Amino acid sequence: MFDTTADPAADRARYDRATAHLDAPLAVVDLAAFDANAADLVRRAGGKPVRVASKSVRCRALLERALARDGFAGVMGFTLAESLWLARCGFDDVLLAYPSADRAGYAELASDPKLAAAVTVMVDDPAQLALIDAARGGGRQEIRVCLELDASLWLLGGRVRIGARRSPLHSPAQLAELARSVARRPGFRLVGLMAYEGHIAGVGDAPPGRPLRARAVRLMQSAARRELVQRRATAVRAVRAVAPDLEFVNGGGTGSVQHTAAEEAVTEIAAGSGLLMPRLFDHYTSFSGRPAALFAQPVVRRPGVGVVTVLGGGYPASGAAGRDRLPVPYLPSGLRYDPAEGPGEVQTPLLGPPADDLLIGDKVWFRHAKAGELCERFAALHLIEGDRVAATVPTYRGEGRTFL
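Calculation rules
Residues numbered from 1 in each chain as written. Predicted model: local features only at pLDDT ≥ 70, side-chain atom pairs only at ≥ 80, totals over all residues. Heavy atoms only, no water. Helix = DSSP H or I, 4+ residues; strand = E, 2+ residues; numbered from the N terminus. Rg over C-alpha atoms; globule rule 2.2 N^0.38 Å. Contact = heavy atoms within 4.5 Å. Areas by Shrake-Rupley, 256 points an atom, 1.4 Å probe, with all protein chains shown as cover. Lys, Arg positive; Asp, Glu negative; His and termini not counted. Charge placed at Lys NZ, Arg CZ, Asp CG, Glu CD. Phe/Tyr/Trp six-rings, centres within 6.5 Å; stacked < 30°, edge-to-face > 60°. Buried < 20%, exposed > 50% of the residue type's maximum accessible area, 1.4 Å probe, protein only. Lys NZ or Arg CZ within 6 Å of the ring centre and 35° of its normal. Pairing = 2+ DSSP bridges. Axes fitted to C-alpha atoms, helices over the stretch in contact; angles between N-to-C directions. Polar contact = N/O pair within 3.5 Å; in protein donor to acceptor, adjacent residues only side chain to side chain.

- For the chain, the name recorded in an unreviewed UniProt entry is Amino acid deaminase/aldolase, with Streptomyces chitinivorans as its organism.

1. Some words on the overall build of the chain
Move 1: A tally of helices and strands in the chain yields twelve helices and 19 strands.
Move 2: The C-alpha radius of gyration computed for the chain amounts to 22 Å, which stays within 12% of the reference 22 Å derived for 404 residues, consistent with globular compactness.
Move 3: Its C-alpha atoms give the chain principal-axis dimensions of roughly 70 × 50 × 35 Å.
Move 4: Considering only residue pairs separated by 6 or more positions, the chain has 69% of its internal contacts joining residues 24 or more positions apart.
Move 5: Accessible surface, the chain as shown: approximately 17,000 Å² in total, 53% of it carbon and sulfur.
Move 6: Taken together, the 50 basic and 44 acidic charged side chains of the chain have centroids lying 4 Å from each other.

2. So, the packing of aromatic side chains
Move 1: Within this structure, the stated rule accounts for twelve aromatic pairs.
Move 2: Note on Y284 and F287: the rings are 5.2 Å apart at their centroids and 40 degrees apart in plane angle, and the pair reads as tilted. Like F287, Y284 is buried.
Move 3: Between F295 and F378, the aromatic rings sit 6.1 Å apart at their centres with planes inclined by 40 degrees, giving tilted as the arrangement. With a gap of 83 residues between them, F295 in strand β12 (residues 293-304) and F378 in the loop between β17 (363-367) and β18 (380-385) connect regions that are remote in the sequence.
Move 4: Residue classification places F295 among the buried positions, given a relative accessible area of 0%.
Move 5: The rings of F78, W85, Y396 and F403 are connected pair by pair, giving a single aromatic cluster.
Move 6: A cation sits over an aromatic face here: R136 above F188, 5.0 Å from the ring centre.

3. Focus on the sheet that holds strand β9 (residues 188-195)
Move 1: Taking strand neighbours around the barrel as the criterion, the eight strands line up as β2-β3-β4-β5-β6-β9-β10-β11 in a closed arrangement whose pairing is parallel. Neighbour-to-neighbour, the strand axes of this sheet turn through a mean angle of 30 degrees, independent of strand direction.
Move 2: The pairing of strand β2 (residues 50-53) with strand β3 (residues 72-77) spans three bridges and is classified as parallel. In the strand pairing of β3, A53 is matched with M76.

4. Section: the side chain of T395
Move 1: Along the chain, T395 turns up in the segment after β19 (388-394).
Move 2: Given the relative accessible area of 0%, T395 is considered buried.
Move 3: A polar side-chain atom of T395 sits 2.7 Å from the main-chain carbonyl oxygen of F378.
Move 4: Excluding residues that lie within four positions of it along the chain, T395 makes contacts with R58, C59, C375, F378, A379, A380 and L381.

5. Digging into unusual backbone geometry
Move 1: Here the amide bond leading from A24 into P25 is cis, since omega sits at 5 degrees, within 30 degrees of zero.
Move 2: Mapped onto the fold, P25 is located in the loop between α1 (8-18) and β1 (26-30).
Move 3: Look at the link from L331 to P332: it is a cis peptide, with omega at 0 degrees.
Move 4: Residue placement: P332 occurs in the loop between β14 (328-331) and β15 (336-337).
Move 5: In this structure, R58 is a non-glycine residue whose phi angle is positive, near 55 degrees.
Move 6: Judged by its relative accessible area of 10%, R58 falls in the buried class.
Move 7: Unlike most non-glycine residues, M277 shows phi in positive territory, near 55 degrees.
Move 8: Note on placement: M277 falls in the loop between α12 (273-276) and β12.

6. Some words on the pairing of β17
Move 1: Of all five residues in β17, five are buried, a share of seventy percent or more.
Move 2: The side-chain alternation of β17 yields two buried faces, one formed by K363, W365 and R367 and the other by V364 and F366.
Move 3: Examined bridge by bridge, β14 and β17 share three bridges and lie antiparallel to one another. When the bridges of β17 are listed, V328 appears paired with R367.

Laid out in structure tokens, this is it:
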């Protein structure tokens, strides 16, 4: 759940003081909140290492800050180009969470011993192995491979599917067969297995004002956990029969850390959004977090009583379109969108009593719906300690990196 112990008015005053010398639009990360969220992820992981999902962070300085803490180990990347870049920057354990068709990237990976030792690629189809082989371009380095198990819940013999459409490998037997394909193919080494239960980790079980949906989500997630515990354990045994030296079994996400960590078959947990606590993670019964990443837009108009207009702000998140994918005005409390306009491309009207206390040039603070996507809008993050900016660090975009 959203951490209700914070004092929003005090936070707003701190953020305004810290950034008084800076013009909005701008983005900040509250380091005290970031560190508290990191500590909570480690606590929930119960001694198993947390691998940081870079797509939810997209800032090298924050990745390094998380990995410097006990309890964190390794990065989960989202493109091959990003994974190679992180490895060149010194990150020595990068798991690529998605299959790639980046032939140039595979050629680079196969030709560089340092990169080949640091990066593990994702495979769920023999055709992907063939693509990698065809892209080697003479490179002879052994490619580290992770297989992905489809974690979705199948009901009625597979006619009903709950969960993301990811890997085609749903049964332990399918996973074991691909493991044998990797073992038979020279130039590859099977080192890991992953299963991402997004229907548990990424779906809040306490949607506000919707008690029937909340009950349905909890029932679904309880059934999904019971099914996946058994199937994942069977899959791990089947793969270890082929690759006894399997290095890791990755699972989970911010919303399911403690549940996944309790599985004996899982050796590490993936999480990233929980560091920054975007608004999509406000409605879970099993944990609470502090909003750590915010962006500010300046007031540029006062169209009338109870209305102000800020510059820009229309930063929708990916996923199925809906109100839950929009950023929300956060500070000062009590502002809302004009339902006829919503957050706009170049301007956003905001309604509510606090509007009458806002002056031209004042900042309105927003929370983004998803964590890392905020960094695609800003070149830098201002890191706040107390009521000062302790450092300003580049996002991926600020470093000229546009991976997706």
